[in-house]
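# Survey of secondary and tertiary structure
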Amino acid sequence: MLLAAAALTACQQDGDGRPSPPPGPRATPEQVIAYKTQAVAQIGVGPGWGKPELLVSVNSEGWEDSAYISPDGQSLYFQYFPGDMFRINDVFYFHRPVSEGGLGADPKQRDRYHRGPARGVSPAYTSDTLVAKREGDTFGAPVRFPHARDGRNEWGVMLGGDGAYYYVSHDETRELNMDIYRNAQLLAIAGREKYHEDNPHFAITPYGRELFFDSGNRPQAKGKSHIWVTRETGGRFAEPVMLPPPVNVKDSTEVQPHLTADGQLYFTSARDGTIAIYASKRTGADSWAEPRKVLWTTRKSGARAWGLGEPTLTADGQWLYFVVVFDNGRQEFDADIARVRRTDAAR
């Protein structure tokens, strides 16, 4: 999920700390729509793509992240959290019992620490994956993903080339050390007991049954999140290998892989100092062409699109869905889902 994992990890390390001061008066819905519309219009767009648009029917005052569009374009999966992920300590403080220094979920204080509808997230301080079905040119009301479980965080859902759901969650003994699941079954990825795996993408390619993911705490990553791949043979996954340059770049961050049927790897990277979406053409089993920039932010201050990520495409390559993290200019953040349509046949 787009930077939210970092926020969750930070709050796990400092979960008993004092919350940040509550935000000031909230903007009106009209003000929020106005600044987000302007921010989306300022997103940089590479050749072959149209104008980005927000998914008004899906987005709310809460945090929509970790988007995945089904290959047929009929189902949109996303992670939802009823608040600001970058202020998640505030939500923990709100739900912490009074005897432990919290607010005991005082309903009079809820609006200061929560944001957006509940949408069935359970309990209210976790995040769940939801799915919305297409209705004409928009999407209907989202419901909980079938494999979501109370008290757990699930995100990164995708429908693999084998017809199974892949996503990340954590086993009961290792809170927030995220692992990859396939249809509720924990996958035995080498090193999973010690290392973190996120944002899975499973594809059947000419090179085998391949599972791509990102990880930031494996030794070769040297403290940066990078994209990895492991190949499955006979139900067993080989030792994960970090993708070589030019996909992964030293001292940068590369996450959220999405491989198309024609061998285009879309991913998120901070290699130029902004959080942007790139695409690289596969040229061999372990080789990739120089990535090209697809979508990027253009402002560094004020009310703006702060970062872009979570690229996911329909099977025909005509629609690219992604996540926008907004900053309203007061260091208050929100994440919404957007999409952009292809305007030519360029790949």
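The present account deals with the structure reproduced in this document. (Residues numbered from 1 in each chain as written. Predicted model: local features only at pLDDT ≥ 70, side-chain atom pairs only at ≥ 80, totals over all residues. Heavy atoms only, no water.)

### Thoughts on empty space enclosed by the protein
All chains considered together, the criterion is met by two cavities of 30 Å³ or more. Lining the largest cavity are 15 residues, and of these Ala67, Pro200, Pro257, Glu310 and Pro311 lie nearest its centre. Of all elements in the fold, only strand S3 (63-69), strand S8 (155-159), strand S12 (198-205), strand S17 (254-259) and strand S22 (303-313) reach the threshold of two or more residues within the lining of the largest cavity. Residues that form the lining of the largest cavity fall into these classes: seven nonpolar, seven polar and one charged. Taken together, Ala39, Gln42, Ile43, Thr297, Thr298, Arg299, Arg304 and Ala305 make up the lining of the second largest cavity. Its residues assigned to classes, the lining of the second largest cavity comprises three nonpolar, three polar and two charged. (1 Å grid on protein atoms, 1.4 Å probe; cavity = no way out; pocket = protein on both sides within 12 Å on 5 of 7 lines; lining within 4 Å. Points joined across faces, edges and corners; volume = space filled by probe spheres on them. Helix = DSSP H or I, 4+ residues; strand = E, 2+ residues; numbered from the N terminus. Nonpolar A, V, L, I, M, F, W, Y, C, P; charged D, E, K, R; others polar.)

### Observations regarding the pattern of salt bridges
In the structure shown here, the tally under the stated rule is 23 salt bridges. Linking Glu193 and Arg192 is a salt bridge whose minimum nitrogen-to-oxygen distance equals 3.9 Å. Assessed through its relative accessible area of 54%, Glu193 is described here as exposed. The class of Arg192 is buried, set by a relative accessible area of 10%. (Salt bridge = Lys/Arg side-chain N within 4 Å of Asp/Glu carboxyl O. Buried < 20%, exposed > 50% of the residue type's maximum accessible area, 1.4 Å probe, protein only.)

### What to know about the pairing of strand S21 (residues 292-296)
Relative to S21, strand S1 (residues 44-45) runs antiparallel, the two sharing two bridges. Across the sheet, Val45 pairs through a bridge with Leu295, a residue of S21. Of the pairings in the sheet, the one linking strand S19 (residues 276-284) to S21 comprises three bridges and is antiparallel in character. Looking at S21, one finds that Ala279 is bridged to Arg292. (Pairing = 2+ DSSP bridges.)

### Concerning the packing of aromatic side chains
Applying the stated rule across the entire model yields 15 aromatic pairs. Both rings, one in Phe139 and one in Tyr321, keep their centres 6.3 Å apart while their planes meet at 80 degrees; by these two values the pair is edge-to-face. On the criterion of sequence distance, the pair formed by Phe139 in strand S6 (residues 138-139) and Tyr321 in strand S23 (residues 319-328) is long-range, its members being 182 residues apart. Both rings, one in Phe145 and one in Tyr167, keep their centres 5.5 Å apart while their planes meet at 80 degrees; by these two values the pair is edge-to-face. (Phe/Tyr/Trp six-rings, centres within 6.5 Å; stacked < 30°, edge-to-face > 60°.)

### Brief notes about the layout of surface pockets
By volume, the largest pocket amounts to about 700 Å³. Along the walls of the largest pocket sit 29 residues, with Val32, Lys36, Ser60, Glu61 and Asp334 positioned nearest its centre. Mapped onto the lining of the largest pocket, the elements with two or more residues apiece are helix H2 (29-41), helix H3 (88-95), helix H4 (110-113) and strand S24 (333-341). In terms of residue class, the lining of the largest pocket is built from 11 nonpolar, six polar and 12 charged.

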